[in-house]
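# Residue-level structure breakdown
This is what each chain is made of:
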Amino acid sequence: MKIRRLFVLACLFIIICVEAWVLIYGLTPKYQDIQSKLEEVEINNSQETLLSFENISVHGRDYSKLICSIKNGKARIISLKSNEDTLWIPSSLGRYPVSVIGGDWTELPDAVEYAKKNQKTPKLGVLAWMENEQTKYEKVVIEEGIHTVFAESFYGIKTECLELPKSMLLLGALSFAESDIDKVISRNPDMYSEWGAFLNTEYQNKFPWTSPENLGDSIFADSNDRITYFQK
């Protein structure tokens, strides 16, 4: 009788363990590598291709959402959301280099829905980068190789530390306006910003103001980057 009881208890224990494993495994998102996902997509390099992915891995870092566009062999990150403490903005997506980040609110489904409900145009910021508008990242790190942030891209973002790479040349108008940023680390002393890049933050007068026109073509890696900037 004891042996039978022990056998039944052992079977029950195994069943509970298996069910727990299935439950945990089933609730854990499966992250797919960006390169393999891009290979599944038909991309016409002569025209802009807008892409949206969920639970995606880029260079070993996991993201819950990525919206990007690809044109002329280059990628532009429009939205990138993470549950991690640090938000890393990568300088490449698979084989496609990234030199500019941000975009227009109409490229984000969440922003379009927000505009419909609230009957007003939203800023890109929190809708593009934050899982929850109450979230405050320990760090937002823009990787080396990225040189331009579009207007309003990080409007209202919250982070203890913002790290800008040496390659960064231009922060668009209101790109970090109304943000909660404790510390900014800029590795390029010659970086410029358009009007109000850090409006209503303690860094609003830290960087010299200019415009892409005044800086000339030298700010952009090539003419395609310049065309992309003025189109957005």
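Before any of the text, the structure's been laid out above.
The text that follows walks through the structure, step by step, so that each part is easy to find. Predicted model, so just to flag it, every value in this text is computed and none were measured.

### Brief notes about the nonpolar core
The biggest cluster of nonpolar side chains holds 48 residues, and the ones touching the most others in it are I89, I142, F154, F176 and F198. Among all residues touching F198, those that are not within four sequence positions of it are L162, L171, F176, A177, I181, V184, Y203, Q204 and F207.

### A few points about the packing of aromatic side chains
Within this structure, the stated rule accounts for 5 aromatic pairs. On the basis of an interplanar angle of 10° and a centroid distance of 4.4 Å, the ring pair of W129 and F154 is categorised as stacked. Here W129, found in helix 4 (residues 125-129), pairs with F154, found in the loop between strand 9 (148-149) and strand 10 (158-159); they are 25 residues apart in sequence, far enough to count as distant. Comparing W129 with F154, the two get one shared label, buried. Ring centres of F176 and F198 lie 5.3 Å apart, and the angle between their planes is 10°; on these two criteria the pair is classed as stacked. Of this pair, F176 sits in the loop between strand 12 (170-171) and strand 13 (180-181) while F198 sits in the loop between strand 15 (192-193) and helix 5 (212-215); the two residues are 22 residues apart in sequence, bridging distant segments of the chain. Neither F176 nor F198 differs from the other in exposure class; each is buried. Taken together, the ring pairs connect W129, F154, F176, F198, Y203 and F207 into an aromatic cluster. Seen from the ring of W88, R61 lies directly overhead, with NZ or CZ sitting 3.9 Å from the centre.

### Side note on the pairing of strand 3 (residues 61-71)
Counting buried residues in strand 3 gives 8 out of 11 residues, a clear majority hidden from the surface. Taken together, the 9 bridges between strand 2 (residues 49-58) and strand 3 define a ladder with antiparallel strand orientation. When the bridges of strand 3 are listed, I56 appears paired with Y63. With antiparallel pairing between neighbouring strands as the criterion, strand 2 and strand 3 make up a hairpin whose turn holds 2 residues, including H59 at a positive phi of roughly 55°. Relative to strand 4 (residues 74-81), strand 3 runs antiparallel, the two sharing 7 bridges.

### Things to note about the pattern of salt bridges
In total, this model carries 10 salt bridges according to the counting rule given. Here D182 and K136 are joined by a salt bridge, their closest N and O atoms 3.2 Å apart. Remark: K136 occurs in the loop between helix 4 and strand 8 (139-142) and D182 occurs in the loop between strand 13 and strand 14 (184-186); sequence separation between them is 46 residues. For D182, a relative accessible area of 41% translates into the label partly exposed. A salt bridge links E163 to R187; the nearest nitrogen and oxygen atoms lie 3.5 Å apart. You can see E163 sitting in strand 11 (residues 162-164) and its partner R187 sitting in the loop between strand 14 and strand 15, a full 24 residues away along the chain. Linked through salt bridges whose partners overlap, the residues forming this network are E48, R76 and E107.

Procedures and definitions
Residues numbered from 1 in each chain as written. Predicted model: local features only at pLDDT ≥ 70, side-chain atom pairs only at ≥ 80, totals over all residues. Heavy atoms only, no water. Core = buried A, V, L, I, M, F, W, Y, C linked by side-chain atoms within 4.5 Å. Buried < 20%, exposed > 50% of the residue type's maximum accessible area, 1.4 Å probe, protein only. Contact = heavy atoms within 4.5 Å. Phe/Tyr/Trp six-rings, centres within 6.5 Å; stacked < 30°, edge-to-face > 60°. Helix = DSSP H or I, 4+ residues; strand = E, 2+ residues; numbered from the N terminus. Lys NZ or Arg CZ within 6 Å of the ring centre and 35° of its normal. Pairing = 2+ DSSP bridges. Salt bridge = Lys/Arg side-chain N within 4 Å of Asp/Glu carboxyl O.

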